[in-house]
Amino acid sequence: EDKVVQSPLSLVVHEGDTVTLNCSYEVTNFRSLLWYKQEKKAPTFLFMLTSSGIEKKSGRLSSILDKKELFSILNITATQTGDSAVYLCAGPFNAGGTSYGKLTFGQGTILTVHP
Amino acid sequence: GAGVSQTPSNKVTEKGKYVELRCDPISGHTALYWYRQSLGQGPEFLIYFQGTGAADDSGLPNDRFFAVRPEGSVSTLKIQRTERGDSAVYLCASSLTNLGVGADTQYFGPGTRLTVL
């Protein structure tokens, strides 16, 4: 059965720290992996990864995919209190051969950044 | 342009009542998805629309749940005879296309928090 597991489930750091969030997956037909940031209610798109070893970067956030070892990491450097949120990993993991994006989400990592 | 919008932002109802939740996707997005998120969990897929038709409703938990998208834009999720277990945040998302990786990049609305007393 396709599944996605995120770790840690929660993380507490201080401003300025660097954090690494993990997402491991087991899928039958991999197509893409996505990271979202969720503050309050709406998940906000961060990255979509399709190829191994190619880092996606946006400001202090970066992400990379390892299709051989079936995981992805999301790095946040020089964390700020505004980075406090739930970070979700997702992908069309249960879509099988379908073309559309029926996303399966991990449980999420709750990141808390203290001043 | 405007993002995905959902109304109401919060809905409190009594067990057994009927509720409707509305989603207005990003203009020009052909694919629309509904997800449900319980506390401490990631969103779970409910139903997917391509245009006006529900292409996949395999995530709807039972026949009390129904969704429509009559003109291929706004969608309404309808829940009959609500139960306390239906309490959750209902999220709507849209994507520009329904094919391949273009379908995977989904933009979410702020959700409707449904509370069934």
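Please refer to the structure higher up on the page.
This report concerns the structure included in the present document. Note that the structure is a prediction, hence the values are computed from the model and not measured.

With that settled, consider the layout of surface pockets. Its volume calculated, the largest pocket comes out at about 360 Å³. Together, 17 residues line the largest pocket, and Q37, S38, L39, G40 and Q41 of chain B are the ones closest to its centre. For the second largest pocket, the calculated volume is near 210 Å³. For the second largest pocket, the lining is made up of 14 residues, of which L103 and T104 of chain A together with P43, E44 and F45 of chain B are closest to its centre. Listed by contribution, the elements that provide at least two residues to the lining of the second largest pocket are β10 (104-105) of chain A together with β5 (44-50) of chain B. Taken together, the residues of the lining of the second largest pocket break down into 4 nonpolar, 8 polar and 2 charged.

All names here are of chain A. Across the sheet, which stays open at both edges, the 5 strands sit in the order β1-β3-β8-β7-β6 with antiparallel pairing between neighbours. Among the strands making up the open sheet, the edge pair consists of β1 (3-7) and β6 (56-58). With strand direction ignored, the average angle separating the axes of adjacent strands in the sheet is 15 degrees. Pairing analysis gives 6 bridges linking strand β7 (residues 61-66) to strand β8 (residues 71-76), with the strands arranged antiparallel. Looking at the pairing, S63 lines up with L74 of β8.

All names here are of chain B. Strands sit in the order β1-β3-β8-β7 across an open sheet of 4 strands; the sheet is antiparallel. In this open sheet, the two edge strands, each paired with only one partner strand, are β1 (5-7) and β7 (65-68). Taken pair by pair, the neighbouring strands of this sheet meet at an average axis angle of 15 degrees, ignoring direction.

Parameters and conventions
- Numbering of residues starts from 1 in each chain and follows the order in which that chain's sequence is written.
- Chains carry letters and ligands carry numbers; both start at the beginning, A for chains and 1 for ligands, and go up in the order they are written.
- Only residues with pLDDT of at least 70 get local features here, since the model is predicted, and only at 80 or more are side-chain atom pairs given and counted; chain-wide, interface and lining totals rely on the full set of residues.
- Values reported for side chains reflect all heavy atoms of the structure, with hydrogen atoms and water molecules removed beforehand.
- Cavities and pockets were defined on a 1 Å grid built from protein atoms only: a cavity is a group of points that admits a 1.4 Å probe but offers it no way out, a pocket is an open group of points flanked by protein on both sides within 12 Å along at least five of seven lines, and a lining residue is one with an atom within 4 Å of any such point.
- Grid points are joined across faces, edges and corners, and a volume is the space filled by probe spheres set on the points.
- The secondary structure listing takes helices from DSSP runs of H or I that are at least 4 residues long and strands from runs of E that are at least 2 residues long, numbered from the N terminus.
- In this count, Pro and Cys sit with the nonpolar residues alongside Ala, Val, Leu, Ile, Met, Phe, Trp and Tyr, while Asp, Glu, Lys and Arg are called charged and the others, Gly among them, polar.
- A pair of strands is labelled paired if DSSP reports no fewer than 2 bridges between them.
- All axes here are fitted lines through C-alpha atoms, helices being fitted over the stretch that makes contact, and every angle between N-to-C directions spans 0 to 180 degrees.

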